Amino acid sequence: MSGSNTEVKRRAAVSMDEGLPTKLFDHSQRERLARHLTFFDNWDARYIEVLITGWGAANIGPDELDRMPALRVIHHSGGTVRGFLSREVWDRGILVTTSSAANALPVAEFTLATILFAGKDVLAVADDYARDPWIAREGERFASIGNYNRTVGIVGASQIGRRVIELLRQFDCTILVFDPYLNEADAAALGVTTVSLQELFRSSDIVSVHAPLLPQTVGMISAELLASMKRGATFINTARAGLVDQPALVRLLEQGRLKAVLDVTDPEPLPPDHPLRGLPNVLLTPHLAGAQGNELRRLGESVVREVEALAAGKPPLHPFGPDDLEKSA
């Protein structure tokens, strides 16, 4: 399909939370989509060729696909499509793309910020300073803080994990990585050292989790691993709460052994009386790391570029295949 004026536009529909399309696509982006796609709210499902999905999308299995025999492409404006697309989608030859790369960047930026803040012990120092503006700026209180020669452990060389590594490489730190699928050549290209999960937790000053939540990774961050961390080390989780033995983490945090930045918890949100809410060594955020606010436009831009690429006869920029279901978050 060419991008010329004689191009036959594909019939498209949207499946996502109400109000999300206007957050994803500004006027200019909607105009660019309209050059290649025709949208109507009341399309007969039999004629839909392109489906743009997002958070809140309807599940698509064999029955839904039977009702959309003309469907050829699904452009997902979020990260993974696990949970709402069945394997039947790929079995029927439908192309799927996602905006996972666009969503990885804000998560990586958030993670970098928390790593650097953890190295400077910003939260504890700010709390001390609020209580006592004359707190000493010299001596033992500040002797152990800073980001020079820190050891940062990354659990999972996922798309987000790799973006974190890229951002960290400009700083004076050692980066350890645990990922059973990361080979030595890729590790060398990333400039990291691969280690066992046990070694990573024992050796790191800061541990950041970027692994997918799969049946085999549930609870992979065990009580033993958490207990092996250095006293005063920081644990950061922007991935999924189910990866972690949360009760064990709570106990260590209550003892003051560790510090934590938790963007995900179980349940989410935590009840008002949950012990994590009252701990001074814990920063809780409401699933903030992923695309928010104006960052949603980046997700929309990813979809627009996929549409433009296919219209120009080019390959998809970020295809998502059935094998990716086994390793995506």
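So, here's what we can say about the structure. (Residues numbered from 1 in each chain as written. Predicted model: local features only at pLDDT ≥ 70, side-chain atom pairs only at ≥ 80, totals over all residues. Heavy atoms only, no water.)

## Some points on the pattern of salt bridges
Just so we agree on the cut-off: Think of a salt bridge as a Lys or Arg side-chain nitrogen and an Asp or Glu carboxyl oxygen that are within 4 Å of each other. Helix and strand definitions here come from DSSP, where helices need a minimum of 4 consecutive H or I residues and strands a minimum of 2 consecutive E residues; each element is numbered from the N-terminal end. Remark: exposure states derive from per-residue accessible area (1.4 Å probe, protein chains only) relative to the maximum for the residue type, with buried under 20%, exposed over 50%, and partly exposed in between.
In total, this model carries 15 salt bridges according to the counting rule given. The partner of Arg131 in a salt bridge is Asp128, with the nearest N and O atoms 2.4 Å apart. Taken together, the residues Arg131 and Asp128, both in helix H6 (residues 122–131) and 3 residues apart, mark about one turn of the helix. Overall, Asp128 belongs to the buried group, its relative accessible area being 16%. Between Asp205 and Arg150 there is a salt bridge; the shortest N-O distance is 4.0 Å. Within this pair, whereas Asp205 is found in the loop between helix H10 (197–203) and strand E9 (206–209), its partner Arg150 is found in strand E6 (residues 150–155), the two being separated by 55 residues in sequence. Exposure remark for Asp205: the relative accessible area of 16% places this residue in the buried category.

## Remarks on the side chain of Ser302
Mapped onto the elements of the fold, Ser302 is located in helix H13 (residues 296–311). Ser302 gets classed as buried once you look at its relative accessible area, which sits at 9%.

## Here's the deal with the sheet that holds strand E1 (residues 10–15)
Rules: When DSSP finds at least two bridges between two strands, those strands are taken to pair. Fitting a line to C-alpha atoms yields each axis, with helices limited to the stretch in contact; the angle taken between N-to-C directions then spans 0 to 180 degrees.
The sheet built from 5 strands is open, its strands ordered E2-E1-E3-E4-E5 with parallel pairing. The outermost strands of the open sheet, each flanked by one partner alone, are strand E2 (37–39) and strand E5 (95–98). Across the sheet, the axes of successive neighbouring strands diverge by a mean angle of 25 degrees, strand direction being ignored. Where strand E3 (residues 50–53) and strand E4 (residues 73–76) come together, 4 bridges link them in parallel fashion. The partner of Ile52 across the bridge, within E4, is His75.

## Quick look at the packing of helix H2 (residues 27–34) against H13
Definition in use: With respect to orientation, any angle under 35 degrees is reported as roughly parallel, any angle over 145 as roughly antiparallel, any angle of 65 to 115 as roughly perpendicular, and every other angle as oblique. Definitions for this section: a left-handed crossing has its near helix turned counterclockwise from the far helix by less than a right angle. A right-handed crossing has that turn clockwise. Any two residues whose heavy atoms approach within 4.5 Å are treated as being in contact. We call Asp, Glu, Lys and Arg charged. Ala, Val, Leu, Ile, Met, Phe, Trp, Tyr, Cys and Pro are nonpolar, and the rest, Gly among them, are polar.
The N-to-C vectors of H2 and H13 enclose an angle of 20 degrees; their axes lie 10 Å apart at closest approach. Compared by their axis directions, H2 and H13 come out roughly parallel. Crossing geometry of H2 relative to H13 is assigned as left-handed. Listed contacts from H13 to Gln29, Arg32 and Leu33 of H2 are Arg297, Gly300, Glu301, Val304, Arg305, Val307 and Glu308. Within the contact of H2 with H13, the residues separate by chemical class into 3 nonpolar, 2 polar and 5 charged.

## Looking at the packing of helix H5 (residues 100–119) against H13
Running from N to C, H5 and H13 point in directions that differ by 155 degrees, and their axes come no closer than 8 Å. Considered as vectors, H5 and H13 are oriented roughly antiparallel to each other. Remark: the crossing between H5 and H13 carries right-handed chirality. Facing H5, whose interface residues are Ala102, Asn103, Leu105 and Pro106, H13 presents Arg298, Leu299 and Ser302. Grouping the amino acids of the contact of H5 with H13 by side-chain chemistry returns 4 nonpolar, 2 polar and 1 charged.

## Digging into the packing of aromatic side chains
Here is the rule we go by: Stacked, edge-to-face and tilted labels apply to pairs of Phe, Tyr and Trp rings (six-membered ring for Trp) whose centres lie within 6.5 Å, assigned for plane angles under 30 degrees, over 60, and everything in between, in that order.
In this structure the tally under the stated criterion is 3 aromatic pairs. The interplanar angle of 35 degrees and the centroid separation of 6.3 Å between the aromatic rings of Trp90 and Phe320 together place this pair among those described as tilted. Linking Trp90 in helix H4 (residues 88–91) with Phe320 in the segment after H13, this pair joins segments that are 230 residues apart in sequence. For the residue pair Trp90 and Phe320, the accessibility class agrees, reading buried in each case.

## Some points on the sheet that holds strand E12 (residues 282–284)
What links the strands of a sheet is backbone hydrogen bonding, and the strands pair in either a parallel or an antiparallel sense. The strand order across the open sheet built from 7 strands is E8-E7-E6-E9-E10-E11-E12, with neighbouring strands paired in parallel fashion. Unpaired on one side and paired on the other, strand E8 (193–194) and E12 mark the two borders of the sheet. Inspection of the sheet shows E6 paired to E9 by 4 bridges, in the parallel sense. Bridging across to E9, Val155 finds its partner in Val209.

## Topic: unusual backbone geometry
Cis geometry is found at the peptide bond from Asp266 to Pro267, where omega equals 0 degrees. Here Pro267 is to be found in the loop between strand E11 (259–262) and E12. For the bond from Glu268 to Pro269, the omega torsion is 0 degrees, close enough to zero to count as cis. Phi angles above zero are rare outside glycine, and Asn149 is one such case at about 65 degrees. Note on placement: Asn149 falls in the loop between helix H7 (140–143) and E6.

## Considering H5
Applied cut-off: One less than the number of residues in a helix, times 1.5 Å, gives the span that helix is expected to have.
With 20 residues, H5 should reach 28 Å at 1.5 Å per residue; the first-to-last C-alpha distance of 28 Å fits that figure. A large share of H5 lies buried, amounting to 15 of its 20 residues. The first or second residue beyond H5 is Asp121, which carries a positive phi of 55 degrees.

## Structural notes on the nonpolar core
Keep this limit in mind: The term nonpolar core refers to a set of buried residues drawn from Ala, Val, Leu, Ile, Met, Phe, Trp, Tyr and Cys, joined through side-chain atoms within 4.5 Å.
If you look at the biggest cluster of nonpolar residues, it comprises 31 residues, and the most contacted ones within it are Val155, Phe201, Leu226 and Phe235. Elements represented by at least two residues in this core include exactly H10, E9, helix H11 (223–227), helix H12 (246–254) and E11. Considering each element in turn, this core owes the most residues, 5 residues, to H12. Not counting chain neighbours up to four residues away, the residues in contact with Leu226 comprise Phe201, Ile221, Phe235, Val244, Asp245, Ala248, Leu249, Leu252 and Leu258. Within the second largest apolar cluster, 20 residues are counted, among which are Ala108, Cys173, Leu190 and Ile206.

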